[in-house]
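The residues making up each chain are set out below.
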Amino acid sequence: MSIDKTSTATEESSVENTDAAPAAVAAVDPRLLVREQGFAGYLGEFKRKMKAGDLGSIPVVVGLLIIWAIFTSLNSNFLTAGNFSDMSVAMVGTGMIAVGIVFVLLLGEIDLSVGSVSGVAGATFAVLSVTHGMNEILALVLAILTGTAAGAIHGFVFARIGVPAFAVTLAGLLFWQGFMLQILGDNGTINLDSEGVVVKLTSYYFSDVAAAYGLAVVVTAGYFLSAFFDNRRREAVGVPSRPLNEIIVRTVLLAVLAFAVAIVFNQYKGLPLAVVIFLAFLLLTDFVLRRTAYGRKIFALGGSVEASRRAGINVELVRISVFAIAGTFAAIGGLFVASKIASANQGAGTGEFLMNVIAAAVIGGTSLFGGRGRTWDALLGVMVIISIQYGLALEGIASPVQYMITGGVLLATVVIDAVTRKTQKTAGRA
């Protein structure tokens, strides 16, 4: 009889434990708690991220606004429609190359050859199309492939032979610069057709006001639909997602920004073709990094090469492909630079150009230590650099001072990056 009571008590206890187990195991994602608390929850989450060193793009955006405010107060012409449009077109060449640098920095590596490779691409196009009369489209494709091949060679020597990327690309900087001088010849400058394809890259504007407003609508609608359907997919698999009202707020803010830029463009010549192409490449590369297995492999390599190797990632192939991508974007950027000055010359990709490209990626928020960054960082960083250059030029400040100020901004950014990593380690986030 005692045995029956004992077994009955055990069964009752097990039933009670079974009922209590879900309550004990169940855990609520902290992001859901933040959103349930409304504005107070988001404010608390923001403070927590700041303490943990998770600053994101906030310092860059704030810095850019401060730069614009300072130069606008010094010269009312700084943010006029004409100057803003000129800055937008001028940033594309440097920005394109910076996109490729972001890929390399995500690996925790560096590519010092992109400036020279960009010069080679412009020179190759000029020699093929102007000197030898080749079809411009074919010459354009071959010029871009020249950059792809140069990057792949650097990646092969780095990944397969084991030579440090710094040494490989430094050698590439010297070699490709000499190659550019060789193919340009004694004259050193080849003028491009003012009505040709490459020159039109930066000289063509969509003058119809509907073009700029239409792009603003497409960007805004595209963001909303992407965020909305992404949330639907996350909800379907039980993963935390943003509430609809948050998506709407973000979309409205993006719409205000997009239409404000469209209004400024339409007050001048219209929507620049160069800006449209740049935005298209940013969207494409952002998708590759955030939405594909290949992009995740790049981030994994930037975090730990050995862990990635043990996870089955082909480390050598990813490294070679990343340097090939950097070379490709260097070539594309070089064509935009040649387009802006309507010529290919010996000075292309030399001087401070390389430093501006690397600085754009780093200032935008891409970590020098690998594993953290986005291609949109290239846009933010190049906006900072071009804004400084144009603002100082309007004030008639000499180039040496421009170099010192840009260097100071870069140093501040690297210091912030280093401090952020230490803070994240202290908070257990890195």
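Look up: the structure comes first, before these words.
Residues numbered from 1 in each chain as written. Predicted model: local features only at pLDDT ≥ 70, side-chain atom pairs only at ≥ 80, totals over all residues. Heavy atoms only, no water.

**Points about the overall build of the protein**
Looking only at helices and strands, the protein has 18 helices and four strands in total. For the protein, the proportion of its 430 residues judged to be buried stands at 42%. Long-range pairs, those at least 24 residues apart, make up 79% of the contacts in the protein between residues at least 6 apart in sequence. Carbon and sulfur atoms provide 66% of the accessible area of the protein, an area that totals close to 21500 Å². (Helix = DSSP H or I, 4+ residues; strand = E, 2+ residues; numbered from the N terminus. Buried < 20%, exposed > 50% of the residue type's maximum accessible area, 1.4 Å probe, protein only. Contact = heavy atoms within 4.5 Å. Areas by Shrake-Rupley, 256 points an atom, 1.4 Å probe, with all protein chains shown as cover.)

**Here's the deal with the packing of aromatic side chains**
For the structure on display, the rule yields 11 aromatic pairs. Pairing Phe71 with Phe78 gives two aromatic rings, centres 5.4 Å apart and planes at 40°, and the pair type is tilted. Phe78 matches Phe71 in its accessibility class, with the two residues each being buried. Ring geometry for Tyr204 and Phe206: centres 5.2 Å apart, planes at 90°, overall edge-to-face. Judged by relative accessible area, Tyr204 falls into the partly exposed class, the value being 38%. Three or more aromatic residues link up through ring pairs in this structure, and these residues are Trp68, Phe84 and Phe265. (Phe/Tyr/Trp six-rings, centres within 6.5 Å; stacked < 30°, edge-to-face > 60°.)

**Focus: the pattern of salt bridges**
Should their charged atoms come close, side chains of opposite charge can pair. Across all of its chains, the model carries nine salt bridges by this definition. Its salt-bridge partner being Glu195, residue Lys200 comes within 3.2 Å of it at the nearest N-O pair. With its nearest N and O atoms 3.8 Å apart, the salt bridge here joins Asp377 to Arg374. Residue Arg374 is classed as partly exposed on the basis of its relative accessible area of 35%. Where salt bridges share partners, they join Asp230, Arg233 and Arg291 into one cluster. (Salt bridge = Lys/Arg side-chain N within 4 Å of Asp/Glu carboxyl O.)

**Section: the side chain of Thr375**
For Thr375, the position within the fold is in the loop between helix 16 (353-363) and helix 17 (376-394). For Thr375, a relative accessible area of 0% gives the class buried. Within the local environment of Thr375, its side chain forms a polar contact with the backbone nitrogen of Asp286, the two atoms lying 3.4 Å apart. Those residues in contact with Thr375 that sit more than four places away from it in its chain are Val99, Val102, Phe103, Leu282, Thr285, Asp286 and Leu289. (Polar contact = N/O pair within 3.5 Å; in protein donor to acceptor, adjacent residues only side chain to side chain.)

**Some details on a nonpolar patch on the surface**
Side chains of Ile58, Val62, Ile66, Ile70 and Leu74 sit close together on the surface and give an oily, nonpolar patch of about 430 Å² of accessible area. When you line up the elements, Ile58 lands in helix 4 (residues 58-74). (Patch = residues over 30% accessible without salt bridge, like charges linked within 9 Å, V, L, I, M, F, W, Y side chains within 5 Å.)

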